[in-house]
Amino acid sequence: MSLHDDAVLVLKNFEAQGQQEQLRQAYLDHLSVHPDGMWKACRAGHITASALVIDPSRGRVLLTLHRKLQMWLQMGGHCEPDDYTLGQAALREATEESGVPGLTLLPGGPVTLDRHPIPAPCNWHLDVQYAALAPAGAVEAISDESLDLRWFAYDEVAGVADESVVRLLERTRAAL
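Residues numbered from 1 in each chain as written. Predicted model: local features only at pLDDT ≥ 70, side-chain atom pairs only at ≥ 80, totals over all residues. Heavy atoms only, no water.

### Re the overall build of the protein chain
Next up, step 1: From N to C terminus, the protein chain includes five helices and eight strands.
Next up, step 2: Reading the helices (α) and strands (β) of the protein chain from amino to carboxyl end gives α-α-β-β-β-β-α-β-β-β-β-α-α.
Next up, step 3: A compact globule built from 176 residues would reach a C-alpha radius of gyration of about 16 Å, and the protein chain, at 15 Å, matches this within 12%.
Next up, step 4: Along the first, second and third principal axes, the C-alpha atoms of the protein chain reach 45 × 30 × 30 Å.
Next up, step 5: Every one of the 176 residues in the protein chain was classed for burial, and the buried ones make up 48%.
Next up, step 6: For the protein chain, the share of sequence-separated contacts (at least 6 apart) that also reach a separation of at least 24 residues comes to 65%.
Next up, step 7: Once the 14 positive and 24 negative side-chain charges of the protein chain are each reduced to a mean point, those two points are 3 Å apart. (Helix = DSSP H or I, 4+ residues; strand = E, 2+ residues; numbered from the N terminus. Rg over C-alpha atoms; globule rule 2.2 N^0.38 Å. Buried < 20%, exposed > 50% of the residue type's maximum accessible area, 1.4 Å probe, protein only. Contact = heavy atoms within 4.5 Å. Lys, Arg positive; Asp, Glu negative; His and termini not counted. Charge placed at Lys NZ, Arg CZ, Asp CG, Glu CD.)

Laid out in structure tokens, this is it:
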């Protein structure tokens, strides 16, 4: 199964209501029209995969200060040819950007979807957002893609991150 086929299957199985259902259908429509819709080269927009690194035992999440955007965000990014599933892409990105070995995805598939505009030449990131559980004693290590990494208590996230990260945290906590 190709990564494109896996993404279609993941999205078809994603249970959503309201705006999330509209996004789910928009992602599926995008993939049906764009066979290259998984890749950065698709200028009409492309699927990305991200994961919120969470430590539920300590009530905190690890966010990255994104080098280009200068915003506190979850880990994530573009799918790569070696990714065989969307979940694996999210886990790879979370591990690379956090430096934390032994992350595991929260069972049940993606937590939420978020579509956001990006600068030209592309137009949109169609982000499929997962949650990754940090192992006990997890220690982060800054990558080239981050200016900083920091653990934030759940109640601190709204003060440092945008609405999409707050929404991802809320849905992750509900899924736990």
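### A few points about the packing of aromatic side chains
Next up, step 1: Across all of its chains, the model carries one aromatic pair by this definition.
Next up, step 2: Pairing Trp72 with Phe152 gives two aromatic rings, centres 5.0 Å apart and planes at 75 degrees, and the pair type is edge-to-face. Of this pair, Trp72 sits in strand β3 (residues 72–73) while Phe152 sits in strand β8 (residues 146–153); the two residues are 80 residues apart in sequence, bridging distant segments of the chain.
Next up, step 3: By relative accessible area, Trp72 is classed as buried at 11%.
Next up, step 4: A cation over a ring is seen here: Arg115 above Trp124, with NZ or CZ 5.4 Å from the ring centre. (Phe/Tyr/Trp six-rings, centres within 6.5 Å; stacked < 30°, edge-to-face > 60°. Lys NZ or Arg CZ within 6 Å of the ring centre and 35° of its normal.)

### Things to note about the pairing of strand β2 (residues 60–66)
Next up, step 1: With respect to burial, β2 is a largely interior element, six of its seven residues being buried.
Next up, step 2: Note that strand β1 (residues 46–55) and β2 share three bridges and pair antiparallel. When the sheet's bridge partners are listed, Val53 is paired in β2 with Leu62.
Next up, step 3: What sits between β1 and β2 in their antiparallel hairpin is a turn of four residues, with Gly59 showing a positive phi close to 60 degrees.
Next up, step 4: Strand direction decides the pairing type here: β2 and β3, joined by two bridges, are antiparallel. Opposite Leu65, over in β3, you have Trp72 as the bridge partner.
Next up, step 5: Where β2 folds back on β3, the antiparallel hairpin that results is connected by five residues, among which Gln70 adopts a positive phi of roughly 55 degrees. (Pairing = 2+ DSSP bridges.)

### Quick notes on the nonpolar core
Next up, step 1: Tyr27, Met38, Ile47, Val53, Leu86 and Val128 are the most contacted members of the largest nonpolar core, which totals 33 residues.
Next up, step 2: Only α1 (3–13), α2 (19–33), β1, α3 (86–98), β7 (124–133) and β8 provide two or more residues apiece to this core.
Next up, step 3: No other element matches α1, which puts five residues into this core.
Next up, step 4: Counting 17 residues, the second largest nonpolar core, distinct from the first, contains Ile54, Val111, Tyr154 and Leu168. (Core = buried A, V, L, I, M, F, W, Y, C linked by side-chain atoms within 4.5 Å.)

### With respect to the side chain of His125
Next up, step 1: Structurally, His125 can be placed in strand β7.
Next up, step 2: Taking the relative accessible area as the measure of exposure, His125 reaches 15% and is therefore buried.
Next up, step 3: A distance of 3.3 Å separates a polar atom in the side chain of His125 from a polar atom in the side chain of His46.
Next up, step 4: A distance of 3.2 Å separates polar atoms of two side chains, one belonging to His125 and the other to His78.
Next up, step 5: Discounting residues that sit within four places of it in the chain, His125 has contacts with His46, Thr48, His78, Asp114, Arg115, His116 and Ile118. (Polar contact = N/O pair within 3.5 Å; in protein donor to acceptor, adjacent residues only side chain to side chain.)

Bear in mind that shape data such as this cannot, by itself, settle questions of function.
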